[in-house]
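Geometric and topological summary
The residues making up each chain are set out below.
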Amino acid sequence: MVRRVVRRSAQVAGQREAQAIVAALGGTVRASRRARHLTLEALAARIGISRARLAEIERGEGGGAPIATWIALGIALERPLAVSFSRPLHEPRGTADAGHLDVQEHLLRLARATGRPGTFELPTRPSDPARSTDVGIRDVRHGARILAECWNTFGDLGAAVRATNRKTAEAAATWPADRIASVWVVRASAANRRLLARYPHIIEAAFPGPSRAWLRALRDGTSPPSTTGLVWYDPATDRLLEHRRAR
């Protein structure tokens, strides 16, 4: 009598998803290898597998490859493999901009602690509320208005700098009695640190304001510098950090 094998729905779905993942990973390995001008033989030798097996992986037939092989491929191609389980399916989603909101929340909390009114998404041109800075802080004591741009991740760095300059000019026209001071508060992620470190002269030119003085202005309520600055926000410790310029 032949026993019928019943395949569970999770098993079927898992195999289907696994095939899709190894196909996508194999294509990424091939594209990354070619971009680095590596032959199949050269890459295979680096990670200790045969040329034929690497060719199978690139064709999407790497389902049986151990996790150590995928990790070694990522290291060899300078594209480390990242693996994790997603959130539970029935768990409510957080907001898409949670990381960005964390920075804004921190700045508004500091503003309140130092006795300065803070505004969430402050319009720099009141006739067009869509044109706003992330956090506005009214510093009556020093006759200044701080425009804080909060960054979780970057898209177009040049466009972001131009947008900040535009908002600063708009704010100067909207509140002529106030000195307008602008600062970027950037999430201190590894990716953001690498990006800024890659372009030190651009960052220095765009943000000449002393970071330490900006740190004191935001944290302690001292007079904000007159030039645009940049500080880090560390989500692990929930505090602001000085941006140290490249030497």
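Residues numbered from 1 in each chain as written. Predicted model: local features only at pLDDT ≥ 70, side-chain atom pairs only at ≥ 80, totals over all residues. Heavy atoms only, no water.

1. Some words on the packing of aromatic side chains
- Taken as a whole, this structure holds 2 aromatic pairs when the rule is applied.
- A centroid spacing of 4.6 Å and a plane angle of 50° characterise the contact between Trp184 and Phe207, whose relative ring orientation is tilted. Taken together, the residues span a long stretch of sequence, with Trp184 in strand β4 (residues 179-187) and Phe207 in the loop between α8 (200-206) and α9 (211-220) at a distance of 23 residues. For the pair formed by Trp184 and Phe207, the shared burial category is buried.
- Three or more aromatic residues joined by ring pairs form one cluster here, namely Trp151, Trp184 and Phe207.
- In this structure, Arg145 packs its charged tip against the face of Trp175, placed 4.2 Å from the ring centre. (Phe/Tyr/Trp six-rings, centres within 6.5 Å; stacked < 30°, edge-to-face > 60°. Helix = DSSP H or I, 4+ residues; strand = E, 2+ residues; numbered from the N terminus. Buried < 20%, exposed > 50% of the residue type's maximum accessible area, 1.4 Å probe, protein only. Lys NZ or Arg CZ within 6 Å of the ring centre and 35° of its normal.)

2. Some remarks on the nonpolar core
- If you look at the biggest cluster of nonpolar residues, it comprises 19 residues, and the most contacted ones within it are Leu107, Val185, Trp214, Leu218 and Leu240.
- When contributions to this core are tallied by element, the ones reaching two or more residues are α5 (98-113), β2 (132-139), β3 (144-151), β4, α9 and β5 (229-234).
- For Val185, the residues in contact, after removing those within four places along its chain, are Val103, Leu107, Glu149, Cys150, Trp151, Leu218, Val231, Tyr233 and Leu240.
- Counting residues in each nonpolar core, the second largest holds 15 residues, with Val22, Leu40, Ala65 and Ala76 among its members. (Core = buried A, V, L, I, M, F, W, Y, C linked by side-chain atoms within 4.5 Å. Contact = heavy atoms within 4.5 Å.)

3. What about the pattern of salt bridges?
- Per the counting criterion, the structure on display carries 14 salt bridges.
- Note that Glu170 and Arg125 form a salt bridge whose closest N and O atoms lie 3.3 Å from each other. You can see Glu170 sitting in helix α6 (residues 157-174) and its partner Arg125 sitting in the loop between β1 (118-123) and β2, a full 45 residues away along the chain.
- Judged by its relative accessible area of 9%, Glu170 falls in the buried class. (Salt bridge = Lys/Arg side-chain N within 4 Å of Asp/Glu carboxyl O.)

4. Describing the sheet that holds β5
- Taking strand neighbours across the sheet as the criterion, the 6 strands line up as β1-β2-β3-β4-β5-β6 in an open arrangement whose pairing is mixed. In the strand order of this sheet, the two ends are held by β1 and β6 (239-242), each with one partner. On average, each strand axis in the sheet is inclined to that of its neighbour by 35°, with strand direction left out of account.
- Looking at chain direction, β1 and β2 are connected through 5 bridges and run antiparallel. (Pairing = 2+ DSSP bridges. Axes fitted to C-alpha atoms, helices over the stretch in contact; angles between N-to-C directions.)

5. Description of the confidence of the model for the chain
- Confidence in the prediction of the chain, expressed as mean pLDDT, is 88, and 90% of residues score 70 or more.
- Confidence, read as mean pLDDT per element, is least for helix α1 (residues 9-35) in the chain (84) and greatest for α9 (97). (pLDDT = per-residue confidence, 0-100.)

6. Describing the pairing of β6
- Two strands pair when backbone bridges link them, and β5 and β6 are joined in this way by 4 bridges, in the antiparallel orientation. Each bridged residue has a counterpart across the sheet, and for Asp234 the counterpart in β6 is Arg239.
- Joining the antiparallel neighbours β5 and β6 is a turn of 4 residues, in which Asp238 adopts a positive phi near 55°.

7. Quick word on the side chain of Asn192
- When you line up the elements, Asn192 lands in helix α7 (residues 190-198).
- Not counting the four nearest positions on each side in its chain, Asn192 is found in contact with Trp151, Asn152, Thr153, Phe154, Val186, Arg187 and Trp232.

8. Topic: the packing of helix α2 (residues 40-47) against helix α4 (residues 67-76)
- Packing of α2 against α4 brings their axes to within 9 Å, and their N-to-C directions diverge by 120°. As the angle between them shows, α2 and α4 are arranged oblique. α4 is crossed by α2, and the crossing has right-handed handedness. Side by side, α2 and α4 meet where Leu43, Arg46 and Ile47 of the first sit next to Thr69, Ala72, Leu73 and Ala76 of the second. (Parallel < 35°, antiparallel > 145°, perpendicular 65-115°, else oblique. Left-handed = near helix turned anticlockwise from the far one by under 90°.)

9. Quick notes on a nonpolar patch on the surface
- A cluster of nonpolar residues, Ile67, Ile71, Ile75 and Val83, forms a patch on the protein surface that exposes about 410 Å² of accessible area.
- Tracing the chain through its elements places Val83 in the loop between α4 and α5. (Patch = residues over 30% accessible without salt bridge, like charges linked within 9 Å, V, L, I, M, F, W, Y side chains within 5 Å. Areas by Shrake-Rupley, 256 points an atom, 1.4 Å probe, with all protein chains shown as cover.)

10. As for unusual backbone geometry
- Phi is positive for Glu78, close to 60°, though the residue is something other than glycine.
- By secondary structure assignment, the location of Glu78 is in the loop between α4 and α5.
- Overall, Glu78 belongs to the exposed group, its relative accessible area being 63%.
- Even without being a glycine, Asp238 presents a positive backbone phi close to 55°.
- Considering the arrangement of structural elements, one finds Asp238 in the loop between β5 and β6.
- For Asp238, a relative accessible area of 33% corresponds to the partly exposed category.

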